[in-house]
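Structural overview for review
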Amino acid sequence: MYDKKKLEDVKAAFKNWEENKVNKSLGKFPERKERFSTGSDTEVDRLYTPINVEDLDYERDLGYPGEYPFTRGVQQTMYRGRFWTMRQYAGFATAEESNNRYKYLLDQGQTGLSVAFDLPTQIGYDSDHALSEGEVGKVGVAIDSLKDMEVLFDGIPLDKVSTSMTINAPASVLLAMYIAVAEKQGVSSDKLRGTIQNDILKEYIARGTYIFPPEQSMRLITNIFEYCSKEVPQWNTISISGYHIREAGSTAAQEVAFTLADGIAYVEAAIKAGLDVDEFAPRLSFFFNAHNDLLEEVAKYRAARRLWAKIMKERFHAKKDKSMQLKFHTQTAGSTLTAQQPDNNIIRVTVQTLAAVLGGTQSLHTNSRDEALALPTEDSVRIALRTQQVVAYESGVTETIDPLAGSYYVESLTNSIEEEAMAYIEKIDNLGGATKAIENGYIQKEIQNSAYKYQMQVESLDSIVVGVNKFKIEETEKKELLKVDPHVEILQRKKLQKLRDDRDNDKVNETLSVLKEKAETEENLMPYILDAVKSYATLGEVCGVLREVFGEYEQTVIL
Amino acid sequence: MNRPIRVLVAKPGLDGHDRGAKVIARALRDAGMEVIYTGLRQTPEQIVAAAVQEDVDVVAMSLLSGAHNHLFPKVVNLLKGEGVDDVLVLGGGVIPDDDIPFLLESGVEAIFTPGTPTKDVIDFINTNIKRK
Amino acid sequence: MDIQERLLKRDKRACARLISMLENNDEEAINIIKRLFNKTGSAYVIGITGPPGSGKSTLTDRLTKELRKEGKRVGILAIDPTSPFSGGAILGDRIRMSDLALDKDVFIRSMGTRGFLGGVSKATWGAVKILDMYGCDYIFIETVGVGQSEIDIVKMADTVLMVLIPNMGDDIQAIKAGIMEIADVFAINKSDLDGADKTKMEIEMNLDLNEKKEYRPPVVKVSAQKNEDIDILLRKLRDHEKYLKDTELIHQIRQRNLKTEILQLAEEEILRMIMDKAYENDLLEELSIKVEKREENPYTAKEKIVALIKD
């Protein structure tokens with residue numbers, strides 16, 4: 001991209017500057033540290049110049065928004081067309097209370113819903129299961145059956161909102177319930193918009209809400225791909241998530257690498273199941289983290305977009321642009337929030353919001369300041385949403401597309417993250433793919449090593465966390481926190497018992513036994529799961545039947 | 001003390017966030033302790049059974065789901081029920097300040113919230129260990 | 001009730017505490033073993049060894065569940081390496097055995113090697129006896145998965161089960177030399193993987209070279225994860241047990257193992273005596289200085305220390 005002669009001049013001048021000016025100045029004013037590095041501990045040079053990006057080819061490496069390789073963004077006009085979707089993950093206690101919170105958020109100008117489920121729901125246990133004790137309604141809403149789902153979306157027209165559901169192992173069951181609720185509202189499934197997370201591989205890697213072994217989980221996922229491509233065509237069938245990988249302690253490059261490696265595994269599974277890549281690939285979406293190192297994060301998103309486009313085109317021979325576009329949701333990093341001086345978290349979230357927006361995200365959840373302490377209060381959630389609105393309407397960064405492109409540093413970082421991620425993906429390919437690399441613990445081990453290294457850096461003050469290992473104060477201020485009423489569990493169990501008493505149990509048993517029968521065949525299970533939930537079979541019952549046939553996953557831990 | 005301290009690091013409940021538990025397990029190992037790691041989704045009963053069979057000095061639990069008020073005291077009580085009175089029970093994770101007095105009263109010896117250096121946990125164990 | 005009585009009454013805490021005492025060289029534990037030794041010998045000891053990642057823990061879990069169907073009491077000693085740097089260890093084998101934790105007739109104990117080489121720990125020998133007194137019918141010892149060096153298991157177990165997985169490539173070549181002689185039963189785990197048959201064939205071919213022996217170790221394909229053919233594997237293990245008992249070879253094996261154990265205990269004792277003398281009054285320090293100055297040589301220095309313990 002650069003004129004060869006001019007680049008030679010720059011090199012000579014740079015050398016001169018370094019040797020004659022910098023070295024002299026360093027004698028008098030030494031730098032703060034021996035080694036400077038990004039948030040992911042990649043070494044950072046003093047100055048970036050055209051020398052660092054001398055091989056950059058604008059057309060090939062960056063191109064134009066909405067065009068291959070999509071480094072600069074997936075839409076032609078980006079935020080000049082419309083802002084990202086501001087989507088706050090919320091849900092707690094009972095369906096009634098969550099329903100109220102959703103209505104509040106929609107009133108406040110939020111543009112999409114994001115449902116958080118409690119852990120028993122995420123792991124396919126009913127609220128009255130022994131393992132659910134103490135967990136009901138804690139980290140999200142408890143959904144035992146279609147009854148709860150009807151309450152959750154009561155008064156919310158499902159043809160008007162887009163709904164994102166953080167649900168993985170039992171994703172097909174919750175999606176079925178959503179379709180059933182819509183049907184009761186008179187909304188046909190082809191009108192439904194939204195996303196299910198449905199990313200089991202990162203559950204094995206980092207998040208832990210798995211149920212079935214990989215092979216059977218992949219089958220359920222490809223069943224959803226196939227079913228939705230026909231019946232729910234506007235639905236994003238998977239959100240391939242690096243968020244939790246990063247939260248578990250990975251570096252930025254590892255986040256990209258392991259997420260895209262998971263993505264490759266899903267695409268391969270779908271192709272193996274006989275689906276056409278351009279049929280399902282446009283419905284794949286991604287979910288990334290936003291950490292504090294603003295420029296590294298921006299480079300990360302750009303590198304991920306470019307790498308995924310190449311993978312889809314070169315490895316899977318996708319033809320449609322939409323199949324090559326990496327669209328992603330972002331959530332600010334929960335792990336960077338501190339319990340100490342929690343108001344500082346508002347500032348962290350602001351930086352992270354800027355990173356996501358400058359990186360071209362399609363939707364964003366901003367964390368609330370008190371999330372290192374408990375579930376957020378309504379006030380905190382409002383500030384978090386306002387943070388997005390200030391960036392959108394006041395900061396000016398949305399007025400042009402990909403404004404950091406061409407920065408020597410950002411382009412250089414984009415390249416190095418892509419290279420590092422690619423090297424990991426090759427390594428994972430050699431191990432037999434993401435599923436194998438998870439089963440033998442390789443991916444988990446790499447993440448743990450990064451997490452441990454970071455922790456040691458914080459403890460040795462090589463990394464500073466404001467308010468935690470520096471600038472500490474005696475904290476006296478009482479923070480107002482949200483408490484989930486412990487009676488929720490009792491209440492939820494009562495509701496469940498009533499459901500079991502009132503429903504047509506013969507019908508339930510019949511749909512469940514059909515589901516069990518079909519689980520042993522190769523058939524797509526979605527229609528049978530839909531029948532079961534419509535008969536008011538509970539989530540635990542549906543998953544129980546599948547557990548019987550599929551067995552359960554046992555984690556690999558290498559410490 | 002002339003023997004390695006034995007610590008059970010456990011994840012009670014359904015919460016799958018084990019970054020903290022794994023970091024602490026490694027830090028305790030590097031401090032010369034024998035760490036028995038039980039993995040995810042342990043019931044209080046399983047934790048106590050493991051603590052008994054492994055004859056540990058410390059039971060360290062990590063939980064981020066908010067079920068601590070239920071699960072931590074249950075482990076303490078089950079240990080008492082087994083007649084175990086020389087084990088240090090520790091809790092860590094996202095635990096609101098308001099809950100800490102209740103947990104301490106119910107017999108959890110210390111609560112470590114996010115941001116605690118691993119060294120503090122190691123020091124606490126070394127100082128407060130009940131068996132010599 | 002003292003700890004000895006509690007052990008005989010099958011109290012888990014007593015059993016657990018005695019193993020700890022033994023690990024920490026507590027004299028009282030040794031005295032209890034001395035007193036109760038004539039009550040031991042009824043437990044059958046199966047060593048489970050194999051390279052890292054071969055699924056030993058899961059297989060131990062499955063074999064235990066199979067034995068539990070017959071009402072047998074099972075003890076499990078799961079050994080993981082101790083860090084040579086810190087002396088600490090992460091013992092993670094229980095992760096694969098979570099379901100067994102609540103079974104009152106199963107006792108699982110994780111042990112660090114604590115500097116002992118050979119895939120087990122020094123206290124493992126004693127822990128086996130304690131589990132025997134505690135009333136276990138079967139005791140599994142799951143060794144460290146380190147390739148070739150977990151050979152000590154053969155000096156401890158009645159039957160040795162070698163767990164392998166397909167596609168180990170060069171690894172299998174490297175360990176074959178060491179393992180062919182020590183294994184009484186082979187399990188090819190993860191039998192659903194391609195290459196399971198090939199691995200089985202390779203083992204069989206190696207066994208052919210040893211045709212002269214009366215007992216030929218069986219090679220069983222299993223899937224611990226999917227719980228497939230565990231019953232067959234257990235049957236083969238018990239066939240070996242029956243063979244040893246029918247032919248009375250069991251006594252030879254146990255005597256051979258006891259020779260090692262007695263010698264090892266003697267070695268330890270003598271080593272400790274030497275260490276005590278060497279460090280007493282800074283003798284070793286003094287000698288090393290003299291040797292370094294060439295006023296003395298290492299051989300006479302040794303003789304001086306050894307002379308002290310001969311008295």
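Residues numbered from 1 in each chain as written. Chains lettered and ligands numbered in written order. Predicted model: local features only at pLDDT ≥ 70, side-chain atom pairs only at ≥ 80, totals over all residues.

**Looking at unusual backbone geometry**
- A cis amide bond, omega 0°, links Tyr68 of chain A with the succeeding residue Pro69 of chain A.
- Structurally, Pro69 of chain A is set in the loop between α2 (58-62) and β1 (85-86).
- At Asp402 of chain A, a residue that is not glycine, the phi angle is positive and equals roughly 45°.
- In this structure, Asp402 of chain A sits in the loop between α15 (378-393) and α16 (408-430).
- In this structure, Asn25 of chain C is a non-glycine residue whose phi angle is positive, near 55°.
- Summarising the element assignment, Asn25 of chain C is placed in the loop between α2 (12-23) and α3 (27-36).
- For Asn25 of chain C, a count of 15 C-beta atoms within 10 Å puts it in the partly exposed group. (Helix = DSSP H or I, 4+ residues; strand = E, 2+ residues; numbered from the N terminus. Buried ≥ 20, exposed ≤ 12 C-beta atoms within 10 Å, placed from the backbone.)

**Description of the interface of chain A and chain B**
- The partner chain B presents 30 residues to the 31 residues of chain A that form the contact.
- For the side of chain A that touches chain B, the element with the highest residue contribution is helix α18 (residues 442-459) of chain A, accounting for five residues.
- Grouping the amino acids of the side of chain A that touches chain B by side-chain chemistry returns 17 nonpolar, nine polar and five charged. (Contact = placed C-beta atoms within 7 Å. Nonpolar A, V, L, I, M, F, W, Y, C, P; charged D, E, K, R; others polar.)

**Comments concerning the pairing of strand β7 (residues 238-241) of chain A**
Residues and elements named next belong to chain A.
- By the alternation rule, side chains of β7 split into Ile238 and Ile240 and Ser239 and Ser241, which are all buried.
- Examined bridge by bridge, β7 and strand β8 (residues 284-290) share four bridges and lie parallel to one another. Looking at the pairing, Ile240 lines up with Phe286 of β8. (Pairing = 2+ DSSP bridges.)

**Some words on the domain arrangement of chain C**
- We note that the domain assignment places domain 1 (39-247) and domain 2 (261-310) within chain C.
- One C-alpha centre belongs to domain 1 of chain C, the other to domain 2 of chain C, and the line joining them spans 39 Å. (Domains from an automatic or database assignment.)

**Digging into the nonpolar core**
- If you look at the biggest cluster of nonpolar residues, it comprises 270 residues, and the most contacted ones within it are Leu260, Ile529 and Val542 of chain A together with Leu8, Val35, Val58 and Val59 of chain B.
- Among the elements that take part in this core, helix α10 (residues 252-272) of chain A stands out by supplying 13 residues, more than any other.
- Contact partners of Val542 of chain A, with chain neighbours within four places excluded, come to Val173, Leu515, Ile529, Ala532, Val533 and Ala537 of chain A. (Core = buried A, V, L, I, M, F, W, Y, C linked by C-beta atoms within 7 Å.)

**Concerning the environment of Glu303 of chain C**
- Turning to its location among the elements, Glu303 of chain C is positioned in helix α11 (residues 298-310).
- A sequence separation of 285 residues divides Glu303 of chain C from Leu18 of chain C, and the C-alpha atoms of the two residues are 39 Å apart.

**Points about the domain arrangement of chain A**
Residue and element names in this part refer to chain A.
- Under the domain assignment, chain A is made up of domain 1 (4-45) and domain 2 (58-88 + 156-368 + 402-459).
- With five residues of domain 1 at the contact, the number on the domain 2 side is eight residues.
- A breakdown of the residues in the side of domain 1 that touches domain 2 according to their chemical character gives no nonpolar, four polar and one charged.

**Digging into the interface of chain A and chain C**
- Taken together, the contact pairs five residues of chain A with six residues of chain C.
- Here the residues of the side of chain A that touches chain C sort into two nonpolar, two polar and one charged.

**With respect to the sheet that holds strand β6 (residues 235-236) of chain A**
Residues and elements named next belong to chain A.
- Reading across from one edge, β2-β3-β4-β5-β6 is the order of the five strands in this open sheet, with parallel pairing throughout. The open sheet has two edge strands, β2 (89-90) and β6, and neither has a second partner.
- Pairing geometry for strand β4 (residues 162-165) and strand β5 (residues 193-196), over four bridges, is parallel. Directly across from Ser162, in β5, lies its bridge partner Arg193.

**Regarding the packing of α2 of chain C against α3 of chain C**
Residues and elements named next belong to chain C.
- Between α2 and α3, the shortest axis-to-axis distance is 7 Å and the interhelical angle comes to 115°. For the crossing formed where α2 meets α3, the hand is left-handed. The segment α2 lies against α3, with Leu18, Met21 and Leu22 engaging Glu28, Ala29 and Ile32.
- Of the residues contributing to the contact of α2 with α3, the split by class is five nonpolar, no polar and one charged. (Axes fitted to C-alpha atoms, helices over the stretch in contact; angles between N-to-C directions. Left-handed = near helix turned anticlockwise from the far one by under 90°.)

**Remarks on the environment of Leu78 of chain B**
All names here are of chain B.
- Secondary-structure assignment places Leu78 in helix α3 (residues 68-81).
- Residue Leu78 is classed as partly exposed on the basis of its C-beta count, with 18 C-beta atoms lying within 10 Å.
- Along the backbone, Leu78 and Ala49 are 29 residues apart, and their C-alpha atoms lie at a distance of 9.3 Å.
- Filtering out sequence-adjacent residues up to four positions away, Leu78 remains in contact with Pro44, Glu45 and Val48.

**Describing the packing of helix α9 (residues 249-279) of chain C against α11 of chain C**
Residues and elements named next belong to chain C.
- Taken N-terminus to C-terminus, the directions of α9 and α11 make an angle of 115°; their axes are 9 Å apart at the nearest point. Pair α9 / α11 crosses with right-handed handedness. Together, Met273, Ile274, Lys277 and Ala278 of α9 and Ile305, Leu308 and Ile309 of α11 make up the contact between the two elements.
- Partitioning the contact of α9 with α11 into residue classes produces six nonpolar, no polar and one charged.

**Re the confidence of the model for chain C**
- Per-chain confidence: chain C averages 90 in pLDDT, with 94% of residues scoring 70 or above.
- Confidence estimates for the predicted assembly give a pTM of 0.91 and an ipTM of 0.95. (pLDDT = per-residue confidence, 0-100.)

**Focus: the sheet that holds β8 of chain A**
Residues and elements named next belong to chain A.
- Ordered by their spatial adjacency, five strands build an open sheet running β1-β10-β9-β8-β7, and the pairing between neighbours is parallel. For this open sheet the edge positions go to β1 and β7, each flanked by a neighbour on one side alone.
- Sheet topology note: the β8/strand β9 (residues 328-332) ladder contains five bridges and is parallel. Bridging across to β9, Phe286 finds its partner in Phe328.

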